[in-house]
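Reading the structure
Each chain, written out:
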Amino acid sequence: MTLEEVMDQLEEMGSEQTKNTFLRHGASEPLFGVKVGDLKKLVKDVKKDQALARALYETGNSDAMYLAGLTVDPRAATKEMLQEWARKARWYATAEYTVAGVAAESPYALELAREWIESPEETIAACGWSTYANYVSITPDDRLNPDEIQAYLHRIERTIHDERNRVRYTMNGFVIAVGCYVSPLSEEAERVARQIGKVSVDVGQTACKVPLAADYIVKVLEAGKTGRKRKTCIC
């Protein structure tokens, strides 16, 4: 498939209803409004052409950028490409899901997560926390740095309520990820979650809610799924 053919298909798949939903969530033009389930219908064809996958992101079209994240090979991604992707992410779906998911499965996951977490730009900082959260969800505990992760938990405990909007959301997500996926630190993550309590995030004109981290962690614990790693964080 050519880039033009994929873009034509995306336009056909889009709907005004979905587009308006994405706009309420913070997306910006250009976009067609394609549901993620429909995007996945194109994954098999696009994955065969990695140049095409990368070209999709460069269009700046939100739907195409999301499809790029579903189809690009994270193992072949360069650090420069991922940094460029983070800079071009215009809203949270692209930054916290597309870029963070690909970065977490790349060879540069930790390096970029640490770099982005310190960014003065809200979207990039949120991307950093999401990247690290995704990374712990797929990485065996014996390959993680428990001291560093615990230090981040304590940083969140001290600062989350004073942070920027989407950074608060992804910090909360980091606590949940550690509590659910990192068995040796699950108890500490739950303690931090109870200490921070409810996290307020402006989610715009949507019905989205910020999960209570402690409740989420306990639910996973009671289901006997604590420490069960995901095969992939790209979805």
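Preceding block: the structure.
Rules of the game
Residues numbered from 1 in each chain as written. Predicted model: local features only at pLDDT ≥ 70, side-chain atom pairs only at ≥ 80, totals over all residues. Heavy atoms only, no water. Helix = DSSP H or I, 4+ residues; strand = E, 2+ residues; numbered from the N terminus. Rg over C-alpha atoms; globule rule 2.2 N^0.38 Å. Buried < 20%, exposed > 50% of the residue type's maximum accessible area, 1.4 Å probe, protein only. Contact = heavy atoms within 4.5 Å. Areas by Shrake-Rupley, 256 points an atom, 1.4 Å probe, with all protein chains shown as cover. Lys, Arg positive; Asp, Glu negative; His and termini not counted. Charge placed at Lys NZ, Arg CZ, Asp CG, Glu CD. Phe/Tyr/Trp six-rings, centres within 6.5 Å; stacked < 30°, edge-to-face > 60°. Axes fitted to C-alpha atoms, helices over the stretch in contact; angles between N-to-C directions. Left-handed = near helix turned anticlockwise from the far one by under 90°. Nonpolar A, V, L, I, M, F, W, Y, C, P; charged D, E, K, R; others polar. Salt bridge = Lys/Arg side-chain N within 4 Å of Asp/Glu carboxyl O. Polar contact = N/O pair within 3.5 Å; in protein donor to acceptor, adjacent residues only side chain to side chain. Core = buried A, V, L, I, M, F, W, Y, C linked by side-chain atoms within 4.5 Å.

This paragraph deals with the overall build of the protein. In terms of regular secondary structure, the protein is built from 14 helices and zero strands. Beginning at the N terminus, the succession of helices and strands in the protein can be written as α-α-α-α-α-α-α-α-α-α-α-α-α-α. Against the 2.2 N^0.38 benchmark of 18 Å for 235 residues, the protein shows a C-alpha radius of gyration of 18 Å, consistent with a compact globule. Principal axes of the C-alpha set define a box for the protein whose edges measure 50 × 40 × 35 Å. Looking at the protein as a whole, 51% of its 235 residues are labelled buried. Summarising the internal contacts of the protein: among those between residues at least 6 apart in sequence, 70% fall at separations of at least 24. Surface accessibility of the protein: about 11400 Å² in total, with carbon and sulfur atoms responsible for 48%. One way to put it: in the protein the 31 positive side-chain charges average out to a point 5 Å from where the 35 negative ones average out.

Summed over the entire model, instances satisfying the criterion amount to 10 aromatic pairs. Relative to Y135, the ring of Y132 has its centre 6.3 Å away and its plane inclined at 85°; by these criteria the two rings are edge-to-face. With Y132 and Y135 both in helix α10 (residues 122-138) and three residues apart, this pair spans about one turn of that helix. As far as burial versus exposure is concerned, Y132 and Y135 are alike and both buried.

Here we take up the packing of helix α5 (residues 50-58) against helix α6 (residues 62-71). In the contact formed by α5 and α6, the axes pass within 7 Å of each other and the chain directions differ by 145°. For the element pair α5 and α6, the recorded crossing hand is left-handed. Residue-level inspection shows Q50, A53, L56 and Y57 of α5 in contact with α6, the latter providing A64, M65, L67, A68 and T71. Of the residues in the contact of α5 with α6, the class split is seven nonpolar, two polar and no charged.

Following the sequence through the fold, D63 ends up in helix α6. No salt bridge forms around the buried D63; measuring N to O, its nearest opposite-charge neighbour K19 is 8.1 Å away. Engagement of the side chain of D63 in a polar contact is seen with the backbone nitrogen of G33, the distance being 3.0 Å. Sequence-distant contacts of D63, that is, excluding residues within four places in its chain, are made with L10, F22, L31, F32, G33, V34 and L39.

Applying the stated criterion across every chain yields a total of 16 salt bridges. What emerges from the salt-bridge pattern is a single network uniting E58, E84, R87 and K88.

Along the chain, S106 falls in the loop between α8 (92-104) and α9 (109-117). Assessed through its relative accessible area of 8%, S106 is described here as buried. Engagement of the side chain of S106 in a polar contact is seen with the backbone oxygen of A103, the distance being 2.7 Å. Not counting residues up to four positions away in its chain, the partners in contact with S106 are P74 and L82.

In this section: the nonpolar core. W129, Y132, I149, F174, V175 and V178 are the most contacted members of the largest nonpolar core, which has 41 residues in total. Sorting the residues of this core by element identifies α9, α10, α11 (146-159), α12 (165-181), α13 (186-196) and α14 (213-222) as the ones contributing at least two each. With nine residues, the top contributor of residues to this core is α12. When neighbours within four sequence positions are excluded, W129 is seen to be in contact with I117, Y152, R155, I156, V167, T170, M171 and F174. L10, L39, L42 and L67 belong to the second largest nonpolar core, which has 35 residues in total.

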